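Observations on the model geometry
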Amino acid sequence: FKEQGYDIGDAPLDDKEAIMASILDDPEAKISSPDLNVAYRMSTDEYYDKTPYAEDLEENWGPAPGNLNSDGQNLLVYGKEFGNVFI
């Protein structure tokens, strides 16, 4: 990515396994932490606004925010930013 002009910040340049490890094995995060690599909290209003097919998903998944990847009020988007790259 860097050679193509992306700002990759402090991403490990070794290989893809090193990048995955920096996300999954983040020493700053604690396994019991509810904020483990949460990059964004999306409100249910924003979710329904941006997802026109959301009601179709409710048949199988139930209404947002649900119990998976949620704090009970918001949908949680997990990941990590390296410069202007989000993984």
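So, a few notes on the structure that sits alongside this text. (Residues numbered from 1 in each chain as written. Predicted model: local features only at pLDDT ≥ 70, side-chain atom pairs only at ≥ 80, totals over all residues. Heavy atoms only, no water.)

1. Describing the layout of surface pockets
Operational definition: Points on a 1 Å grid over protein atoms alone make up a cavity when a 1.4 Å probe fits among them but cannot get out, and a pocket when they form an open set with protein on both sides within 12 Å along at least five of seven lines; lining residues each have an atom within 4 Å of a point. Grid points are joined across faces, edges and corners, and a volume is the space filled by probe spheres set on the points. A run of H or I in DSSP becomes a helix once it reaches four residues, and a run of E becomes a strand once it reaches two; helices and strands are each numbered from the N terminus. The nonpolar class holds Ala, Val, Leu, Ile, Met, Phe, Trp, Tyr, Cys and Pro. Asp, Glu, Lys and Arg form the charged class, and all remaining residues, Gly among them, are polar.
Put simply, the largest pocket is a space of about 360 Å³. In this structure, the largest pocket is lined by 18 residues; those nearest its centre are Tyr 47, Trp 61, Pro 65, Leu 68 and Leu 75. Breaking the lining of the largest pocket down by element, the ones donating at least two residues are helix H2 (44–50), helix H3 (54–61) and strand E2 (74–78). If you tally residues by element for the lining of the largest pocket, the top one is H3, at four residues. What the second largest pocket holds in volume is close to 170 Å³. Contributing to the lining of the second largest pocket are Phe 1, Lys 2, Ile 8, Ala 11, Pro 12, Leu 13, Ile 19, Met 20, Phe 82, Val 85 and Ile 87. Of the residues belonging to the lining of the second largest pocket, the class tally is ten nonpolar, no polar and one charged.

2. Some thoughts on a nonpolar patch on the surface
Threshold: Patch definition: residues with relative accessible area over 30% and no salt bridge; like charges joined within 9 Å; nonpolar side chains (Val, Leu, Ile, Met, Phe, Trp, Tyr) joined within 5 Å. Working definition of accessibility: Shrake-Rupley area with a 1.4 Å probe, residue cover restricted to the visible protein chains. Here, a salt bridge means any Lys or Arg side-chain nitrogen found within 4 Å of an Asp or Glu carboxyl oxygen.
Nonpolar side chains collect at one region of the surface, where Tyr 53, Leu 57, Trp 61 and Leu 68 lie side by side and expose about 500 Å² of accessible area between them. Relative to the helices and strands, Trp 61 resides in helix H3.

3. So, the pattern of salt bridges
Filter applied, for reference: Summary of the burial criterion: residues with accessible area below 20% of their type's maximum are buried, those above 50% are exposed, and those between are partly exposed, where the area comes from a 1.4 Å probe applied to protein chains only.
The tally for this structure, following the rule as stated, stands at two salt bridges. One salt bridge in this structure joins Asp 71 and Arg 41, with 3.0 Å as the shortest N-O distance. Here Arg 41 lies in strand E1 (residues 38–43) and Asp 71 lies in the loop between H3 and E2, a separation of 30 residues in the sequence. Among the residues examined, Arg 41 registers a relative accessible area of 35% and is labelled partly exposed. Its salt-bridge partner being Glu 46, residue Lys 50 comes within 4.0 Å of it at the nearest N-O pair. Pair noted here: Lys 50 and Glu 46 are both in helix H2, with a separation of four residues, about one helical turn.

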